[in-house]
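For reference, the chains in residue letters:
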Amino acid sequence: EALRAPSAETVQKLAAGGACEAYPLAQPSAANGWVGVRLYIDEVGALRSRPRNARAEALALAAGLSGLAIHGDVYVSRCARREGGGGGEANVDF
């Protein structure tokens, strides 16, 4: 069966639920004390007719992520490996 494009109704339902995508700005490593920085964007910002976010695009480009078209608000987080070697990460202040 041929692949069909989603209907406008399907796209609207997906956009209403929200979706978030994370891009690494700095990967955690031993060299940086296992601290990572991530840029979270609205995955369907363009479908929601949100304006381009030039500031977020410039930040992504400065981190080596070229060609991103980011629409709408973003959230930048800093995460560190949990103390005691228990695994996982915790959000930390900048």
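Conventions adopted
Residues numbered from 1 in each chain as written. Predicted model: local features only at pLDDT ≥ 70, side-chain atom pairs only at ≥ 80, totals over all residues. Heavy atoms only, no water. Helix = DSSP H or I, 4+ residues; strand = E, 2+ residues; numbered from the N terminus. Polar contact = N/O pair within 3.5 Å; in protein donor to acceptor, adjacent residues only side chain to side chain. pLDDT = per-residue confidence, 0-100. Phe/Tyr/Trp six-rings, centres within 6.5 Å; stacked < 30°, edge-to-face > 60°. Buried < 20%, exposed > 50% of the residue type's maximum accessible area, 1.4 Å probe, protein only. Lys NZ or Arg CZ within 6 Å of the ring centre and 35° of its normal. Pairing = 2+ DSSP bridges.

A. Looking closely at the side chain of Asp42. Locating Asp42 in the fold gives a position in strand 2 (residues 35-42). Among the polar contacts made by the side chain of Asp42, one reaches the main-chain amide nitrogen of Val44 at a distance of 3.1 Å. Among the polar contacts made by the side chain of Asp42, one reaches the side chain of Arg48 at a distance of 3.3 Å.

B. Here's a closer look at the confidence of the model for the protein chain. On average, residues of the protein chain carry a pLDDT of 86, and 89% of them reach 70 or more. No element of the protein chain has a lower mean pLDDT than helix 1 (residues 8-17), which averages 70, and none a higher one than helix 2 (residues 54-62), which averages 96.

C. Highlighting the packing of aromatic side chains. Under the defined criterion, the tally for this structure stands at 1 aromatic pair. A ring pair is formed by Tyr40 and Tyr75, whose centres lie 6.0 Å apart and whose planes are at 45 degrees; its orientation type is tilted. On the criterion of sequence distance, the pair formed by Tyr40 in strand 2 and Tyr75 in strand 3 (residues 74-81) is long-range, its members being 35 residues apart. By relative accessible area, which is 48% here, Tyr75 ends up partly exposed. When the ring centre of Trp34 is taken as origin, the NZ or CZ atom of Arg81, which lies over that ring, is 4.0 Å away.

D. The arrangement of the pairing of strand 2 in detail. Along strand 2, 6 of the 8 residues are buried, which leaves the element largely enclosed by surrounding structure. Both strand 1 (residues 20-26) and strand 2 contribute to a ladder of 6 bridges, which runs antiparallel. Its bridge partner being in strand 2, Ala26 is matched across the sheet by Val37. One ladder, built from 7 bridges, connects strand 2 with strand 3; its direction is antiparallel. Note on strand 3: the bridge partner recorded for Tyr40 is Tyr75.

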